[in-house]
Amino acid sequence: MNRLLSLLLALMLFVNLANAQQDPKAGKILNAMSQKYKTMKAFKANFSQTLENPSAKVKETMNGDILVSGNKYRLGVSGQEIISDGKLMWTYLKDANEVTITETDAEAESMSPSKIFDMYKKGHKYAHAGTETIEGVKYDVIELAPEDRSNPIFKVRLFINQKDSTLKSWQMFRNNGNRYTYTIKNFQANPTLASDAFTFNKAKYKGVSVVDLR
């Protein structure tokens, strides 16, 4: 019964937000955040990812690191590296010492780490959902809902620093009951980039097995 009630409340919130007009206050905050990251040639950070599903009594946290420049990125988490130069994607599994090469596609690009800063601009309604103070810092809370109601992610909640427009964390709510929370740590703007930062350099992985699915 509690699970059904939670689902109904989530559905009502989604429908109300999806049908709402764009919130000018939220739009101003989102534009300031997006512009801040667009002025950076690149950035890197550590982050934590927490998966929660209250009905299934699941709560798991993992840590990772990320390097982003435009539509290129390098992501390391849970024993794997995912590298994209915007055209090709390399997925390296440390335990198997194996890398799989694929071409990027629309779905993969939509989940690019850099997209979180611009996703509100297309296909989403947004609204200001109040403010929260976390460890003495004030954040604006912005909620996004996809216009496509078949999207398995029915809501995204962003926590944006009121002082400098940086994105501290975000939550993604899926219709299977899973909630993912991403929290940024040790953020660094415009780091020095190695020439092979966004490609897989086979020479650095002795004995690696290559699966080319291009």
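First, a word on scope: everything that follows refers to the structure included in this document.

Quick notes on the rules
- Residues numbered from 1 in each chain as written.
- Predicted model: local features only at pLDDT ≥ 70, side-chain atom pairs only at ≥ 80, totals over all residues.
- Heavy atoms only, no water.
- Pairing = 2+ DSSP bridges.
- Helix = DSSP H or I, 4+ residues; strand = E, 2+ residues; numbered from the N terminus.
- Contact = heavy atoms within 4.5 Å.
- Axes fitted to C-alpha atoms, helices over the stretch in contact; angles between N-to-C directions.
- Salt bridge = Lys/Arg side-chain N within 4 Å of Asp/Glu carboxyl O.
- Phe/Tyr/Trp six-rings, centres within 6.5 Å; stacked < 30°, edge-to-face > 60°.
- Buried < 20%, exposed > 50% of the residue type's maximum accessible area, 1.4 Å probe, protein only.
- Lys NZ or Arg CZ within 6 Å of the ring centre and 35° of its normal.

### Examining the pairing of strand E4 (residues 80–84)
Then step 1. Here five bridges tie strand E3 (residues 72–77) to E4, and the two strands are oriented antiparallel to one another. Within E4, the position partnered with arginine 74 by the bridge is isoleucine 83.
Then step 2. Of the strand pairs in this sheet, E4 and strand E5 (residues 88–93) are connected by five bridges, and their pairing is antiparallel. Bridge assignment links isoleucine 82 to a residue of E5, and that residue is threonine 91.

### So, the side chain of glutamate 52
Then step 1. Inspection of the secondary structure assignment puts glutamate 52 in strand E1 (residues 43–53).
Then step 2. In contact with glutamate 52, not counting residues within four places along its chain, are Val58, Lys59, Gly177, Asn178, Arg179 and Thr181.

### A look at the sheet that holds strand E11 (residues 179–189)
Then step 1. One open sheet accounts for twelve strands, arranged E7-E8-E9-E10-E11-E1-E2-E3-E4-E5-E6-E12; its pairing is mixed. Of all the strands in the sheet, just strand E7 (124–134) and strand E12 (209–212) have a single pairing partner and so form its edges. Recorded for the sheet is a direction-independent mean angle of 20° between the axes of neighbouring strands.

### A few points about the pattern of salt bridges
Side chains carrying opposite charge are able to pair once their charged atoms draw close together.
Then step 1. Across all of its chains, the model carries seven salt bridges by this definition.
Then step 2. Residue lysine 121 pairs with aspartate 118 through a salt bridge whose shortest N-O separation is 3.3 Å.
Then step 3. Connected via shared salt-bridge partners are Lys38, Asp118 and Lys121.

### A word on the packing of aromatic side chains
Then step 1. Taken as a whole and judged by the stated rule, the model has eleven aromatic pairs.
Then step 2. Each ring, one from tyrosine 37 and one from phenylalanine 43, has its centre 5.8 Å from the other, and the planes form 65°; the classification is edge-to-face.
Then step 3. For tyrosine 37, a relative accessible area of 8% translates into the label buried.
Then step 4. The class for phenylalanine 43 is buried, based on a relative accessible area of 9%.
Then step 5. Between phenylalanine 43 and phenylalanine 117 the ring centres are 5.6 Å apart and the planes differ by 85°, which places this aromatic pair in the edge-to-face class. Residue phenylalanine 43 is found in strand E1, and its partner phenylalanine 117 is found in the loop between helix H3 (106–110) and E7; the two are separated by 74 residues along the sequence.
Then step 6. Three or more aromatic residues joined by ring pairs form one cluster here, namely Tyr37, Phe43, Phe117 and Phe187.
Then step 7. Above the face of the phenylalanine 173 ring, lysine 155 is positioned so that its terminal group lies 4.5 Å from the ring centre.

What is shown is where atoms sit, not what they do.
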